[in-house]
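Breakdown of the fold
One-letter residues, chain by chain:
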Amino acid sequence: MNRLAAALAPLILAAGAFSAQAQDPHAGHAMPPPPRTQPATPVPDPHAGHQTPPPVAAQDPHAGHVMPPASPPPVTDSHAGHRMPAQPATVDPHAGHDMSTMAPARADPHAGHDMSTMSMGPPDVPTSADNPGRPPEDPLPAAALGGPVHAADLVFGADAMAASRRALVRENGDVRVTAVILDRLEAGFGDDEETWLWDVQGWSGGDINRFWWKSEGEGGLDDGLEETELQALYSRALTPFWDVQAGVRQDVRPDGEDTTHLVLGLQGLAPYWWEVDAAAFLSTDGDLTARVEAEYDQRITQRLILQPRLEMDLSASDIPELEIGSGLSSVEAGLRLRYEFRKEFAPYVGVEWSRSFGDTADYIEARGGEPEDTRFVVGLKAWF
Amino acid sequence: MSTPRLDRRMLLRGAVGGGGLLGLQGLLPAWAQTGSPGLRADLPTLTGPNIDLTVGHSAFTVGGRTGHAVTMNGVLPAPLLRLREGQNVRLSVTNNLDEDTSIHWHGLLVPFQMDGVPGISFPGIKARETFVYEFPIKQSGTFWYHSHSNLQEAMGHYGPIVIDPAGPDPIGYDREHVLVLSDWSFMHPHEILAKLKKSPGYFNQQRTTLSGLLSGEDRMSLEERRMWGGMRMDPRDVLDVNGSTYTYLINGHGPEENWTGLFRPGERVRLRIINASAMSIFNIRIPGLPMTVVQADGENVRPVEVDEFQISVAETYDVIVQPTGDRAWTIVSEAIDRSGMGRATLAPRPGMTAEVPPLREVPNLTMRDMGMDHGGMGGMDHGAMAGMDHGVPAADAAPTHDMAGMNMRDPGNAPPDMAVGVGVDMVSMDPANRLGERPIGLTDVDHRVLVYTDLVSLQPNKDQRPPSRTMEIHLTGNMERFMWGFDGRKFSELVEPIRFERDERVRVTLVNDTMMAHPIHLHGHFFELVTGGPAGHQPLKHTVNVAPGSKVTFDLTADAPGDWAFHCHMLMHMHAGMFNVVTVRPMDGAPS
């Protein structure tokens, strides 16, 4: 059970990240106090009785007093939005307004009461954000619902319009894209033999549903390919920043230990621009493992970018044939400095430190390997 | 009543008067050629009751490089259409492309079936077919026309329209020039969109950096950066596509080609400025020369003298300038993220130039652009306001704000029918009406800047009934996935149209739940911006720029029966889903 929890931890972490995102991305930010107050009930029109032009009832232009910043400093009077028409002075439009606290330096800007040329700024028409109860919108007048469904059908015929109407839908929102992203294509130089790896992914589809594939492979310059992994996933956008992904993963190893896994993962963007890819894998042998990757781009200049990258591998059980022990099996931490000749083409240099833990480390040590390794890397990040 | 018909005549009559000129000039209509004396009756513009236009492929050269353009009558911009109020016009449009095309007459009040939006107004113009548009001209002013098919507009398919009033023009001027502003990329617009889908910050070469933090050049503290990072928003995302790929054109000329319009010192020169860009908002200024704004979106306004104004995509402004002296003046159209500029010259003689000012600093977005009504109240003193007893509790008059505990994406701040899903990365929690505020990047310039509340219609509004109904429409998006929509839905999700009863008067409030500006355009109608200005003189617009995180209210008399497009005029936003159909019923002849 603990192992299962360990394997699922990355998923839970990631899920936490995205639910936090769904709630309050500012948690923990110290921002200026105090709490914002909201009128609980619609503010009564303080101009009742005035001869203001009658916009729709609930639209007191003064609600909330959010007066726009008059861009030249407000030299005129601050009755923005009163929209008092140039009525011959029948009623004193200021009756009832307590203006005693107005800056005394101001001459009476209302002399003559001709307010027709006042331009004090727009009224603050309340919206849903001002109405926590969200009063329903005014109903549609019945006549607005009259036919025909499509006016142009009357002129050109429904048949002639049908194809262009489909094209209109396609051309206004239904954008399909295919991307290929070469995250890391690199060579590593450490104490022992020189290694190389690729880490590539790509997707095809619209904004919500995508086919997503990922491939990783690594090997030594002398020993050749060590292992290859290929994932084929269905990816669905769940929240603005997160996709849930499900599918299969096939591992190919020269030593014959090929395995197939079911994959369930989350990929997206965590607050503070961390790109996160977290997935759990259930193999056909019943082994449950998980992997979390996170990377961040620190722009030093517009083109020179330092990228910290973290990867954690976890397992719910010992898998001796793969030299994996239960619990946290390994951690990789890298720092890569790339130069974007174009956004799509960025060679890099960097260092990567990796360490195996627990039984995983024991397996490696047992065959004479080092559980900890630091290597210098040179590679290319590219996409198209 | 017109129907599409096949017509294979080659229709270049009077179109390419400048076609015989050399090189660069070859692709420009005469009025757009450099050294233009201005618009004159004897210039080869297209005029009269019958006008022929042919849409086709052309090579377009700017800055020494040649690319592929989609043009009308082989020129970029397209020929000037000069019409007169009260006339009828028949426009025969022949499609020489291998795909459908269309022309929308932007700002012209035409019967819906002549409005030129395939799938709404008509079926579109198929390859090698001709469609005849025919309608009466019921207005005057500066307008434009462009394709409404498949991003062709971003490839050069646009041109100006000038309609002379039937009677005397209330605007006095000695000479006029048309300035068509646009953005040209050698990258195909579909490629641009694909880049944005894969990497929304792709074109931004002005992001905040560590070196900018250390040197202070970014003008942003670590704390502010952390806040933006926490929101996963980029405070430098001012224009999605910008000068890193665009060459900004004025009348088809890049900055190097320097389009030049002539004047005699002392003349009142009317500049008819049209933003025909796909994705670019500009700040316009002529250093040293004040401009008097006399018309916006083809509707006359009370003259306002300014030194700079912002023109969003698809807007038009007419200004009067009075250049004096034997010197040249530089017209600057600076992209609002300061990633590039268009440049042209007004001069007494061809070949004269004036100093070209350098690009200014890229603006940083603020919390106000995130729909939070914080600070930045432009000197409005809440304390003093609270003293004015308007019958509202003082606490409400001076709302205070607290970031802790705020929810940037609270469905409670959205209308009940809005879909707060993947396509919505934020819901403005306190959208401010920013019509009276200087637009982004111009808040601190030390000269006069036009704000929307400066616009006052010259003529009284025709319909002064109070609105009988209100409507709230949210402009929504997901920056990270480059998704855009209304009320959380892309048009491709088969949304309900926005319905009006014919002749009803509705007060519509647009709430921008994104940190980008959206020029929202309604076809077939002009709406009145509710600016709080003189009663009965609300300015009429066909396109309004809704500032980031803000709200805009307009009054609409839905007097044009039929179906109409309603969309963001940022072409990539529209193509990504910020589009809907407006229906006005009943139709003519239907029982009401």
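Each residue is numbered by its place in its chain's sequence as written, counting from 1. Chains and ligands are labelled by the order in which they are written, letters from A for the one and numbers from 1 for the other. Reporting in this predicted model follows two pLDDT cut-offs: at least 70 for local features of residues, and 80 or more for side-chain atom pairs to be given and counted; totals over whole chains, interfaces and linings ignore these cut-offs and use all residues. Each side-chain value is worked out from all heavy atoms of the structure, with water and hydrogens disregarded.

1. Re the overall build of chain A
- By definition, any uninterrupted DSSP run of H or I lasting at least four residues is a helix, any uninterrupted run of E lasting at least two residues is a strand, and each is numbered from the N terminus. Looking only at helices and strands, chain A has 4 helices and 13 strands in total.
- Expressed as a percentage of the 384 residues in chain A, the buried residues total 44%.
- Excluding contacts between residues fewer than 6 apart, the proportion of contacts in chain A whose partners are at least 24 apart in sequence is 48%. Buried, partly exposed and exposed residues are distinguished by accessible area as a fraction of the type maximum, computed with a 1.4 Å probe on protein chains only: under 20%, between the cut-offs, and over 50%, respectively. Note on contacts: a residue pair is in contact if any heavy atoms of the two residues lie within 4.5 Å.

2. Concerning the overall build of chain B
- Along the backbone of chain B there are 6 helices and 32 strands.
- The buried share among the 592 residues of chain B stands at 70%.
- Sequence-distant contacts, at least 24 apart, represent 76% of the contacts inside chain B between residues at least 6 apart.
- With residues, only the protein chains shown are counted as cover, and all accessible areas are computed by Shrake-Rupley using a 1.4 Å probe. Counting every atom, chain B has about 17700 Å² of accessible surface; 52% of that belongs to carbon and sulfur.

3. Overview of the domain arrangement of chain B
All names here are of chain B.
- The assigned domain composition of chain B is domain 1 (8-171) and domain 2 (367-592).
- At the interface, 20 residues of domain 1 touch 22 residues of domain 2.
- By definition, the buried area sums, over both parts, the 1.4 Å-probe accessible area that each loses when the two are put together. Across the interface of domain 1 and domain 2, roughly 1500 Å² is buried in total on both sides, 75% from carbon and sulfur atoms.
- Sorting the residues of domain 1 by area buried against domain 2 places Phe112, Ile120 and Leu151 first, and these three jointly supply 37% of that buried surface.
- Here a salt bridge means any side-chain nitrogen of Lys or Arg lying within 4 Å of a carboxyl oxygen belonging to Asp or Glu. For the pair domain 1 and domain 2, the interface holds 0 salt bridges.
- Here a polar contact means two N or O atoms within 3.5 Å. Within protein one must be a hydrogen donor candidate and the other an acceptor candidate, and residues neighboring in sequence count only if both atoms are side-chain atoms. On inspection of domain 1 and its partner domain 2, the count reaches 9 residue pairs in polar contact (both at pLDDT 80 or more).
- With 3 residues, strand S8 (residues 141-146) is the largest single contributor of residues to the side of domain 1 that touches domain 2. An automatic or database domain assignment provides the domain bounds reported here.

4. Re the pattern of salt bridges
- Summed over all chains, the structure comprises 68 salt bridges over all chains.
- A salt bridge links A:Asp277 to A:Lys214, with the shortest nitrogen-to-oxygen separation between them at 2.8 Å. In this pair, A:Asp277 is assigned in strand S7 (residues 274-283) and A:Lys214 in strand S3 (residues 209-220), connecting sequence segments 63 residues apart. For the pair shown, A:Asp277 and A:Lys214 are each scored as buried.
- B:Arg272 is paired through a salt bridge with B:Asp318; the nearest N and O atoms lie 3.4 Å apart. In this pair, B:Arg272 is assigned in strand S13 (residues 269-275) and B:Asp318 in strand S18 (residues 316-321), connecting sequence segments 46 residues apart. The same class applies to B:Arg272 as to B:Asp318, namely buried.

5. So, a nonpolar patch on the surface
Residues and elements named next belong to chain A.
- The patch calculation keeps residues exceeding 30% relative accessible area without a salt bridge and links them within 9 Å when they carry like charges or within 5 Å when they are nonpolar (Val, Leu, Ile, Met, Phe, Trp, Tyr). On the surface, Phe189, Leu335, Leu337, Val349, Val351, Phe376 and Val378 cluster together into a nonpolar patch covering about 520 Å² of accessible area.
- Elements that contribute at least two residues to the nonpolar patch include exactly strand S11 (327-339), strand S12 (345-356) and strand S13 (372-383).
- You can see Leu335 is positioned in strand S11.

6. Concerning the packing of aromatic side chains
- Stacked, edge-to-face and tilted are the three classes for Phe, Tyr and Trp ring pairs, Trp counted by its six-membered ring, which pair at centre distances within 6.5 Å; planes under 30 degrees apart are stacked, over 60 edge-to-face, the rest tilted. Counted according to the given criterion, the structure contains 24 aromatic pairs over all chains.
- Both rings, one in B:Phe482 and one in B:Trp484, keep their centres 5.6 Å apart while their planes meet at 85°; by these two values the pair is edge-to-face. Exposure class is identical for B:Phe482 and B:Trp484. Each is buried.
- Charge-over-ring placement is defined geometrically: NZ (Lys) or CZ (Arg) within 6 Å of the ring centre, and within 35 degrees of the ring normal. One cation-aromatic arrangement involves B:Arg207 over A:Trp273; the distance from NZ or CZ to the ring centre is 5.8 Å.

7. Digging into the sheet that holds strand S17 (residues 308-311) of chain B
Residues and elements named next belong to chain B.
- By this definition, two strands are paired if DSSP reports at least two bridges between them. Overall, mixed pairing links the 5 strands, which are arranged S12-S20-S19-S14-S17 in an open sheet. The open sheet has two edge strands, strand S12 (259-262) and S17, and neither has a second partner. Direction aside, neighbouring strands of the sheet carry axes that sit 25° apart on average.
- Where strand S19 (residues 329-335) lies against strand S20 (residues 341-347), 6 bridges are found, and the strand directions are antiparallel. Residue pairing in the sheet places Val332 in a bridge with Arg343 of S20. Helix axes are fitted only over the stretch in contact, all axes being lines through C-alpha atoms; the angle between N-to-C directions runs from 0 to 180 degrees.

8. With respect to the sheet that holds strand S4 (residues 81-84) of chain B
Residues and elements named next belong to chain B.
- If you trace the 5 strands from one edge of the open sheet to the other, you get S1-S4-S9-S8-S6, paired in mixed fashion. In the strand order of this sheet, the two ends are held by strand S1 (46-47) and strand S6 (104-106), each with one partner.
- Where S4 and strand S9 (residues 158-164) come together, 4 bridges link them in parallel fashion. The residue bridging Leu83 from the neighbouring strand is Ile163, located in S9.

9. Structural notes on the pairing of S13(A)
Residue and element names in this part refer to chain A.
- In the sheet, strand S1 (residues 177-189) pairs with S13 via 7 bridges, with the strands oriented antiparallel. Across the sheet, the residue bridging to Glu186 is Gly379, located in S13.
- Sheet analysis places S12 next to S13, joined by 11 bridges and oriented antiparallel. For Phe345, the partnering residue across the bridge sits in S13 and is Ala382.

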